[in-house]
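# Results of the structural survey
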Amino acid sequence: NFAERSEEQMSGAQVIAQALKTQDVEYIFGIVGIPVTEIAIAAQQLGIKYIGMRNEQAACYAASAIGYLTGRPGVCLVVSGPGLIHALGGMANANVNCWPLLLIGGSSERNQETMGAFQEFPQAVRTSIYGRPGACYVDIPADFVNLQVNVNSIKYMECCMSPPVSMAETSAVRMAASVIRNAKQPLLIIGKGAAYAHAEENIKKLVEQYKLPFLPTPMGKGVVPDNHPNCVGAARSRALQFADVIVLFGARLNWILHFGLPPRYQPDVKFIQVDICAEELGNNVKPAVTLLGDISAVSKQELASKKSLPMNYYTVFYHVQEQLPRDCFVVSEGANTMDIGRTVLQNYLPRHRLDAGTFGTMGVGLGFAIAAAMVAKDRSPGQRVICVEGDSAFGFSGMEVETICRYNLPIILLVVNNNGIYQGFDMNTWKETSKFRDPTAVVPPMCLLPNSHYEQIMTAFGGKGYFVETPEELQKSLRQSLADTTKPSLINIMIEPQATRKAQDFHWLTRSNM
Ligand code: ADP
Ligand code: MG
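Here's what I pulled together on the structure shown here. Residue positions are counted from 1 within each chain, in the order its sequence is given. Ligands are numbered from 1 and chains lettered from A, in the order in which they are written. Reporting in this predicted model follows two pLDDT cut-offs: at least 70 for local features of residues, and 80 or more for side-chain atom pairs to be given and counted; totals over whole chains, interfaces and linings ignore these cut-offs and use all residues. Values shown for side chains rest on all heavy atoms present in the structure; no hydrogens or waters enter the calculation.

### Here we look at the overall build of the protein chain
Test applied: Strands here are runs of E lasting at least two residues and helices are runs of H or I lasting at least four, both read from the DSSP assignment and numbered beginning at the N terminus. Partly exposed describes any residue whose relative accessible area lies between the buried limit of under 20% and the exposed limit of over 50%, with all areas from a 1.4 Å probe on protein chains only and scaled to the type maximum. Whether two residues are in contact is decided by their heavy atoms, any of which lying within 4.5 Å being enough. Residue burial considers only the protein chains on display, and all accessible areas are found by Shrake-Rupley using a 1.4 Å probe.
Looking only at helices and strands, the protein chain features 19 helices and 18 strands. Buried positions account for 51% of the 514 residues belonging to the protein chain. Intrachain contacts of the protein chain at a sequence separation of at least 6 include 76% that bridge at least 24 residues. Taken as a whole, the protein chain presents about 24600 Å² of accessible surface, with 54% of it coming from carbon and sulfur.

Right under this line is the structure:
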């Protein structure tokens, strides 16, 4: 069999050119000289476009831009010594820009007998495009170029596959979504990493679904068009300065973005960082959430979690507001429940809102609601009383539910339940506490028992109770409660317990002495 093989010879230059072709290289920029001229000629013969430049630095800049524009490394071909040194500027620029680039330099002769498999190119291509993209150098000894090899002895490595797409951790995605939804002045910063990732479609959807203002960096421009109504490019300084949550999509907090520090930013601005490079995360600032992964994939993950449960305050109040009669009394107490509720729930009549008031008192809500229901009953029958309570606030006077039922006042109690004061634990985190001998030493003071069925306090006395976890359940139970003018009801609305905090932040979860 061996005897039948062809004795056809091929030059090292042709092998190199074919190896580049096999790696899908389309363009070579360079300046030829000994020993790389043959490589350029061989490449042209294979249909690779060779662009001869006047200085290696410009050739290298050009090749790196090909990398940014196509996602496959552009090739820069130079001679050894000064050629390589001139090209260093382009290499450095590509590296700092995170753009893939393959620099091929010819060096002096080596005593090399056979060529064998040409492994360096696939490795170099992979290094340049996998992970954070960047520059790569392949050194080609002069004797490689002019060597004659038997065609049968050559084995080209397969074209290096596109980088695998990595997604961010789901818990981080959920947390990011929650931080964004709870932001008062969110801002999306779109960098050239987003452009390189071809994330335009998903980012545009994200901008529109979350109604996010966005700011492109110089080369992030055009990922979402500059004339999009959500683009705040014209008010760049203001946008940076007043944002309370900033999502970084492939943009680093370097000088271009004033390092993410005051006075250009709020001192307590929460950064959500999305990057493919782990080392970049947490650079300069301590981010609220880090999402390690490909921008296109991560933005899709964020889109998917938009509709995810549990609900947050805004989702709840949005659905409540939709159904509230304009003339109803709104009674409210709690921390976030009262604060956020006040901004979403509308009042159209004077003296129709009663809340924790000047003294900031918790426990007033049910008494106020009973009073309002009495007044409504006597002066304008049919008028409803909606009492919006945090789960902690409800606890202060919860037994007045018996009073409400005793007098059959058709009050609608909404308990916005996040398992705690300000915030509590989800069930899984809570269960961790049971591993400790003494819970009073480890349970955070703001935690209340998770998933408490406060609605059963209402059913215990003959009213209607609802336990709801989705917007649909909330809409339905509120509709039924409003329709029933004969009975009080309590809707226990489960929302996310932790809007801004990771369970890992609690020291005892990682403590070993149980
Ligand atoms: P700008 O100059 O536009 O602010 P930078 O060059 O500072 O952009 O940041 C680009 C960031 O994008 C880099 O940190 C890089 O690691 C990251 N990046 C590049 N490609 C991807 C990708 N596919 N997915 C996620 N991040 C990426
Ligand atoms: Mg940047």
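So much for the structure itself; the text now carries on.
### A closer look at the site of ligand 1
The test is simple: Residues are labelled near a given molecule or strand when at least one of their non-hydrogen atoms is within 4 Å of it. Identification of polar contacts relies on pairs of N or O atoms within 3.5 Å, with a donor-acceptor requirement for protein atoms, meaning one able to donate a hydrogen and the other able to accept it, and with residues adjacent in sequence counted only if both atoms are side-chain atoms. Residues are sorted three ways: Asp, Glu, Lys and Arg are charged, Ala, Val, Leu, Ile, Met, Phe, Trp, Tyr, Cys and Pro are nonpolar, and all the rest, Gly among them, are polar.
Around ligand 1, a shell composed of 20 residues is seen, among which Lys 192, Thr 217, Arg 252, Asp 275 and Asp 294 lie nearest. The separation between an oxygen atom of ligand 1 and a polar main-chain atom of Gly 250 is 3.3 Å. Isolated, ligand 1 exposes 580 Å² of accessible area, and the fraction of that covered by the protein chains is 97%. The dominant element in the shell around ligand 1, judged by the number of residues it contributes, is helix α8 (residues 192-196), at three residues. Looking at the shell around ligand 1 residue by residue, the classes come out as eight nonpolar, six polar and six charged.

### Description of the nonpolar core
As a reminder, the rule being used: In plain words, nonpolar cores are sets of buried Ala, Val, Leu, Ile, Met, Phe, Trp, Tyr and Cys residues tied together by side-chain atoms within 4.5 Å.
Leu 188, Ile 203, Phe 249, Ile 272 and Leu 291 are the most contacted members of the largest nonpolar core, which totals 33 residues. Elements that contribute at least two residues to this core include exactly α7 (170-181), β8 (186-190), α9 (200-209), β10 (245-249), β11 (270-275), β12 (289-292) and α11 (295-306). Broken down by element, the residue count for this core peaks at seven residues, all from α7. Not counting residues within four places of it along the chain, the set of residues in contact with Ile 272 comprises Ala 176, Val 179, Ile 180, Val 245, Ile 246, Val 247, Leu 248, Val 289 and Leu 291. Among the nonpolar cores identified, the runner-up in size contains 32 residues, and Val 36, Ala 40, Ile 48 and Cys 160 belong to it.

### Details of the packing of helix α3 (residues 56-70) against helix α4 (residues 82-97)
We count it as follows: Axis definition: a line fit to C-alpha positions, over the contact stretch in the case of helices; interaxial angles, taken between N-to-C directions, run 0 to 180 degrees. Left-handed describes a crossing whose near helix is turned anticlockwise from the far helix by less than a right angle; the clockwise case is right-handed.
The geometry of α3 relative to α4 is characterised by a closest axis approach of 7 Å and an angle of 35° between their N-to-C directions. Along this stretch, α3 crosses α4, giving a crossing that reads as right-handed. Where α3 abuts α4, its residues Glu 56, Gln 57, Cys 60, Tyr 61 and Ser 64 lie against Gly 83, His 86, Ala 87, Gly 89, Gly 90, Met 91, Asn 93 and Ala 94. Looking at side-chain class alone, the contact of α3 with α4 contains five nonpolar, seven polar and one charged residues.

### Here's the deal with the sheet that holds strand β5 (residues 101-107)
Selection rule: At least two bridges found by DSSP between two strands are what make those strands a pair.
If you walk across this open sheet you meet the five strands as β3-β2-β4-β5-β6, and the pairing is parallel. If you trace the sheet from one side to the other, it starts and ends with β3 (49-52) and β6 (135-141), each paired once. Neighbour to neighbour, the strand axes of the sheet diverge by 25° on average, direction disregarded. In this structure, strand β4 (residues 74-78) lies alongside β5, joined through five bridges in parallel fashion. Residue Val 78 lies in a different strand from β5, and its bridge partner there is Gly 105. Sitting on the sheet, helix α5 (residues 120-129) is in contact with β5 and β6, with an inclination near 165° to β6.

### So, the side chain of Arg 384
Going by this rule: Just so you know, the count uses Lys and Arg for positive and Asp and Glu for negative, and it drops His and the chain ends. Whenever a carboxyl oxygen of Asp or Glu lies within 4 Å of a side-chain nitrogen of Lys or Arg, that contact is scored as a salt bridge.
With respect to the helices and strands, the residue Arg 384 is situated in the loop between α14 (365-379) and β15 (385-390). It is Asp 484 that comes nearest to the buried, bridge-free Arg 384 among opposite-charge side chains, at 6.7 Å. Polar side-chain contacts of Arg 384 include one of 2.8 Å to the backbone oxygen of Leu 482.

### Details of helix α19 (residues 471-483)
Note: α-helices contain 3.6 residues per turn, so residues at a spacing of three or four share the same orientation. This is how the line gets drawn: By definition here, a helix of n residues has an expected span of 1.5 Å times n minus one.
Taking 1.5 Å as the rise per residue, α19 with 13 residues should run 18 Å; its terminal C-alpha atoms sit 18 Å apart, in good agreement. Elements in contact with the buried residues of α19: α12 (313-323), β15, β16 (412-417), β17 (464-468) and β18 (489-494).

### Thoughts on the environment of Pro 445
Topologically, Pro 445 is positioned in the loop between α17 (427-433) and α18 (455-460). Overall, the relative accessible area of 76% leaves Pro 445 in the exposed class. Considered as a pair, Pro 445 and Gly 420 are 25 residues apart in the sequence and their alpha carbons are 8.9 Å apart.

### Digging into the sheet that holds β16
Reading across from one edge, β14-β13-β15-β16-β18-β17 is the order of the six strands in this open sheet, with parallel pairing throughout. Each end of this open sheet is capped by a strand with a single partner; those strands are β14 (353-355) and β17. In this sheet, neighbouring strand axes are inclined to one another by 15° on average, regardless of whether the strands run parallel or antiparallel.

### Thoughts on α12
Listed as buried for α12 are Tyr 313, Val 316, Phe 317, His 319, Val 320 and Gln 321. Contacts made by the buried residues of α12 are with α13 (336-344), β15, β16, α19 and β18.

### Details of the pairing of β5
Counting buried positions along β5 gives seven out of seven residues, so the element sits mostly inside the fold. Going residue by residue along β5, you find Leu 101, Leu 103, Gly 105 and Ser 107 tucked away on one face and Leu 102, Ile 104 and Gly 106 tucked away on the opposite face as well. One ladder, built from seven bridges, connects β5 with β6; its direction is parallel. Paired with Leu 102 across the bridge in β6 is Cys 136.

### So, the environment of Phe 396
Structurally, Phe 396 can be placed in helix α15 (residues 391-396). Through-space distance from the C-alpha of Phe 396 to that of Leu 366 is 9.2 Å; in sequence the pair is 30 residues apart. Apart from residues lying up to four places away in sequence, Phe 396 is in contact with Met 362 and Gly 363.

### Let's talk about the packing of aromatic side chains
We apply this condition: Note on ring pairs: Phe, Tyr and Trp rings are taken, using the six-membered ring of Trp, and paired if centres are within 6.5 Å. Classes follow the plane angle, with under 30 degrees stacked, over 60 edge-to-face and the rest tilted.
Under the counting rule described, the total for this entry stands at five aromatic pairs. Considering the side-chain rings of Tyr 68 and Trp 99, the 4.5 Å spacing of their centres and the 15° angle between planes classify their relative orientation as stacked. Here Trp 99 lies in the loop between α4 and β5 and Tyr 68 lies in helix α3, a separation of 31 residues in the sequence. Judged on exposure class, the residue Tyr 68 and its partner Trp 99 are both buried. A centroid spacing of 5.6 Å and a plane angle of 75° characterise the contact between Phe 394 and Tyr 454, whose relative ring orientation is edge-to-face.

### Some thoughts on the packing of α12 against α13
Going by this rule: Here the word oblique covers every angle except those under 35 degrees (roughly parallel), over 145 (roughly antiparallel) and from 65 to 115 (roughly perpendicular).
At their nearest, the axes of α12 and α13 sit 10 Å apart, and the two run at 50° to each other. It follows that α12 is oblique to α13 by the angle criterion. Considering the relative orientation of α12 and α13, their crossing is right-handed. Along its contact with α12, which presents Tyr 313, Tyr 314, Phe 317, Tyr 318 and Gln 321, the element α13 presents Asn 336, Thr 337, Ile 340, Gly 341 and Val 344.

Any functional reading would require information that these geometric values do not contain.
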